[in-house]
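Reading the structure
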Amino acid sequence: MHCGCVFVRDKFVLATGYNGSLPGHPHCEEVGCLVVDNHCVRTNHAEMNALTQAAIHGVTLKGATAYITNMSCTTCAKALIASGIVRVVVFSDFHDTLATQFYSSSGVEIIKSEMPERIIHYEIEKYSSAKRTEKSK
């Protein structure tokens, strides 16, 4: 499953993450998933990778919003709550999770949004400073 997480505060991107293997380890797309109890344990979830990126760069997440592809698993939800996230925007639900319960009881606002379109509608002709590349024609 391809998932992403973006932390934002005051319209500024603080950190990002996606589901992926540990640094230096092969990705599931290369060697296959390592599934235990219906979960791939080879990868870190998008939220954990974004939290790690914030920590490595010394970025506080207090008061930030997390934009996440899928509702967090229980472990990721607890980590986001502990980091100071105040709002979570998700585009789909996740199975077997207590995230909604933990977010709600911790005062974290949950916004469930429609999945954005996969196509970007960009009318390049409206911008005099832009032109199509050979590949975009």
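Structure: see above.
The following paragraphs examine the structure supplied in this document. (Residues numbered from 1 in each chain as written. Predicted model: local features only at pLDDT ≥ 70, side-chain atom pairs only at ≥ 80, totals over all residues. Heavy atoms only, no water.)

As for its placement among the helices and strands, methionine 71 is situated in the loop between strand E7 (65–70) and helix H3 (74–83). Look at methionine 71 and you get buried, because its relative accessible area is 2%. For the pair methionine 71 and histidine 95, spaced 24 residues apart in the sequence, the C-alpha separation amounts to 8.6 Å. (Helix = DSSP H or I, 4+ residues; strand = E, 2+ residues; numbered from the N terminus. Buried < 20%, exposed > 50% of the residue type's maximum accessible area, 1.4 Å probe, protein only.)

This part covers the pattern of salt bridges. This structure, assessed with the given rule, holds three salt bridges. Among the salt bridges present, the one from arginine 87 reaches glutamate 109, with a minimum N-O distance of 2.9 Å. Taken together, the residues span a long stretch of sequence, with arginine 87 in strand E8 (residues 87–92) and glutamate 109 in strand E9 (residues 109–112) at a distance of 22 residues. Accessibility expressed as a relative area gives 30% for arginine 87, which makes it partly exposed. For glutamate 109, a relative accessible area of 38% translates into the label partly exposed. (Salt bridge = Lys/Arg side-chain N within 4 Å of Asp/Glu carboxyl O.)

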